[in-house]
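Each chain, letter by letter, is given below.
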Amino acid sequence: MTVESTAARTTRRSADTTGNTAGKRTTAKSTTAEKPAASARKSAATAKKAPVKKATAKKSPNGEPELVQLLTPEGKRVKDAAYDKYVAGITPEDLRGLYRDMVLTRRFDAEATSLQRQGELGLWASLLGQEAAQIGSGRATREDDYVFPTYREHGVAWCRGVDPTNLLGMFRGVNNGGWDPNGNNFHLYTIVIGSQTLHATGYAMGIAKDGADSAVIAYFGDGASSQGDVAESFTFSAVYNAPVVFFCQNNQWAISEPTEKQTRVPLYQRAQGYGFPGVRVDGNDVLACLAVTRWALERARGGEGPTLVEAYTYRMGAHTTSDDPSKYRADEEREAWEAKDPILRLRRYLEASNHADEGFFAELEAESEALGKRVREAVRAMPDPDHFAIFENVYADGHALVDEERAQFAAYQASFAEGEGA
Ligand SMILES: Cc1ncc(C[n+]2csc(CCOP(=O)(O)OP(=O)(O)O)c2C)c(N)n1
Ligand SMILES: [Mg+2]
């Protein structure tokens, strides 16, 4: 894929928004759609430097760096001089939309975990606990922005309009992805840790060269922050002033390795060494994640280069369904984070401010159940793949080695048929 072709496609998509699918921003209840700004991107040379958040941290009483928070775990709205303006126009309907997004994402995720336990999926990577980080940041993206996820970004996929059932084919082993990345500007899930940050940086450099007025966001984890790919992405994006937001969900664990094994400084402070701002946000506060990501994406679109957002959150479940966290972490840790649950805190706020009534919650409950049923039925109905499909799309024009391997595999398959007959 050349930079030119990538950027040309992006520009086309910006002009034509009719290709939007699934639940993305076309549903009345899904809220906070961003509108493309009229202004073109400033070049790196002419970009006016906006006041940049310093990466030096104020310390909270317990010695941890302070994080941006707009909603406390008790559901109280707190003021923030720097970030309030990014959610100033948010309406009660928008808030209910964010709540709905988080509830439905959690319901879908729970269904997928059950489907794995029932043998319908080979594996599942749950996002439990990370709903606010994903919905807040996902809803901050604009239709023409491009998203590069890991394998856990089910909430972001939801915001981008990728139908949840499409996420499950790869985990069932019936396809290699399941959606067209260019349909929703949402790249395929990436398992090779950190590699998507390089893809995102290259893509961002491409659209900047084209003068497209959009931004790129790359998701990655605390563990991925130790990968060379991520360091290279930071360097390249900084020196080329690429319009990319690095969104690190620090969920405290990389399988069984705690964040202390990845870094000696709070992760967001890494950005300082590369020459761009970094900020830590309460990753369980959907409003704060929305505000901070909007700010970072606006910087990118305004020609001010990359930003690192560290969403401080927690992986409430296992790494994947193949993992047993009781082997390496204490139950008390999870219990402490349960008190900061992202959905509960928004519910408390909605109730206390009379922005949602019992009818809303009851309707959402019914909608959640219907989603679970739809997902379950869709997975069970997925056809088995053609065994030879694995040899397709390896090389555009075919390859002698692939032909040889296909022939070997055909012979292997045929040997079973003979065995049956014998
Ligand atoms: C390059 C590479 N190395 C190792 C792995 C195995 N692996 C899969 S997930 C994972 C941990 C990732 O942790 P983190 O980046 O914090 O993301 P999280 O799973 O917590 O969302 C590792 C080491 C891999 N997939 N790719
Ligand atoms: Mg992690």
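What you see is a predicted model, and the numbers here were worked out from it, not measured in a lab. (Residues numbered from 1 in each chain as written. Chains lettered and ligands numbered in written order. Predicted model: local features only at pLDDT ≥ 70, side-chain atom pairs only at ≥ 80, totals over all residues.)

Colleague: Run through the pairing of strand 7 (residues 307–312), naming residues and quoting values.
Modeller: Of all 6 residues that make up strand 7, 6 are buried, and the element is covered over most of its length. Residues Thr-307, Val-309 and Ala-311 point to one face of strand 7 and Leu-308, Glu-310 and Tyr-312 to the other, with burial holding for every one of them. As defined by bridge partners, strand 3 (residues 244–250) adjoins strand 7 across 6 bridges and the pair is classed as parallel. The residue of strand 7 that forms the bridge with Cys-248 is Glu-310. Strand direction decides the pairing type here: strand 6 (residues 278–282) and strand 7, joined by 5 bridges, are parallel. Bridging across to strand 7, Gly-278 finds its partner in Leu-308. With helix 10 (residues 286–301) bridging strand 6 and the parallel strand 7, this β-α-β connection has right-handed handedness. (Buried ≥ 20, exposed ≤ 12 C-beta atoms within 10 Å, placed from the backbone. Helix = DSSP H or I, 4+ residues; strand = E, 2+ residues; numbered from the N terminus. Pairing = 2+ DSSP bridges. Right-handed = clockwise from strand over helix to strand, strands pointing away.)

Colleague: Could you give an account of the nonpolar core, naming the residues involved and the relevant values?
Modeller: In terms of nonpolar packing, the biggest core is built from 88 residues, with Val-292 and Val-309 touching the most fellow members. The greatest single-element share of this core, amounting to 11 residues, is contributed by helix 10. Excluding its chain neighbours within four sequence positions, the residues that come into contact with Val-292 are Val-68, Tyr-83, Val-279, Val-281 and Val-309. (Core = buried A, V, L, I, M, F, W, Y, C linked by C-beta atoms within 7 Å. Contact = placed C-beta atoms within 7 Å.)

Colleague: Can you lay out the pairing of strand 2 (residues 216–221) for me, pointing to particular residues and giving the numbers?
Modeller: In terms of burial, strand 2 is a largely internal element, 6 of the 6 residues being buried. Burial along strand 2 is two-sided: the residues Val-216, Ala-218 and Phe-220 and Ile-217, Tyr-219 and Gly-221 are all buried. By the bridge criterion, 3 bridges tie strand 1 (residues 146–148) to strand 2 in an arrangement that is parallel. Note on strand 2: the bridge partner recorded for Phe-148 is Ala-218. One ladder, built from 6 bridges, connects strand 2 with strand 3; its direction is parallel. By the bridge assignment, Val-216 is partnered in strand 3 with Val-244. With helix 8 (residues 228–239) bridging strand 2 and its parallel neighbour strand 3, the resulting β-α-β unit is right-handed.

Colleague: Any chance you could break down the packing of helix 2 (residues 92–117) against helix 3 (residues 131–140) for me, citing the residues and the numbers?
Modeller: Orientation of helix 2 relative to helix 3, taken along the N-to-C sense of each, is 130°, at an axis distance of 10 Å. If you check the angle between helix 2 and helix 3, you find them oblique. Between helix 2 and helix 3 lies a crossing of right-handed hand. Judged by residue contacts, Leu-98, Asp-101, Met-102, Thr-105 and Arg-106 of helix 2 engage Glu-131, Ala-132, Ile-135 and Arg-139 from helix 3. (Axes fitted to C-alpha atoms, helices over the stretch in contact; angles between N-to-C directions. Parallel < 35°, antiparallel > 145°, perpendicular 65-115°, else oblique. Left-handed = near helix turned anticlockwise from the far one by under 90°.)

Colleague: Residues and numbers for the site of ligand 1, please.
Modeller: Taken together, 15 residues form the shell around ligand 1, and within it Ile-193, Gly-221, Gly-223, Ala-224 and Ala-254 come nearest. In terms of residue class, the shell around ligand 1 is made up of 7 nonpolar, 5 polar and 3 charged. (Near = placed C-beta within 6 Å. Nonpolar A, V, L, I, M, F, W, Y, C, P; charged D, E, K, R; others polar.)

Colleague: Now, about helix 2: what can you tell me, with residues and values included?
Modeller: Between its terminal C-alpha atoms helix 2 stretches 38 Å, which fits the 38 Å expected from 26 residues at 1.5 Å a residue. In the segment just after helix 2, Gly-119 is the residue with positive phi, at about 85°. (Expected span 1.5 Å × (residues − 1).)

Colleague: Help me get a handle on the sheet that holds strand 7, residues and values and all.
Modeller: In space, the 5 strands of this open sheet follow the order 1-2-3-7-6, with parallel pairing throughout. Two strands bound the open sheet, and with one partner strand each, they are strand 1 and strand 6. The mean angle between the axes of side-by-side strands here comes to 20°, regardless of whether they run parallel or antiparallel. Of the strands in this sheet, strand 2, strand 3, strand 6 and strand 7 are in contact with helix 10, which crosses strand 7 at around 170°.

Colleague: Describe unusual backbone geometry, listing the residues and the values that go with them.
Modeller: Backbone geometry at Asn-241 places phi at a positive 55°, although glycine is not the residue there. In this structure, Ile-255 is a non-glycine residue whose phi angle is positive, near 50°. Among the secondary structure elements, Ile-255 is positioned in the loop between strand 4 (253–254) and strand 5 (257–258).

The analysis is restricted to geometry; functional conclusions fall outside its scope.
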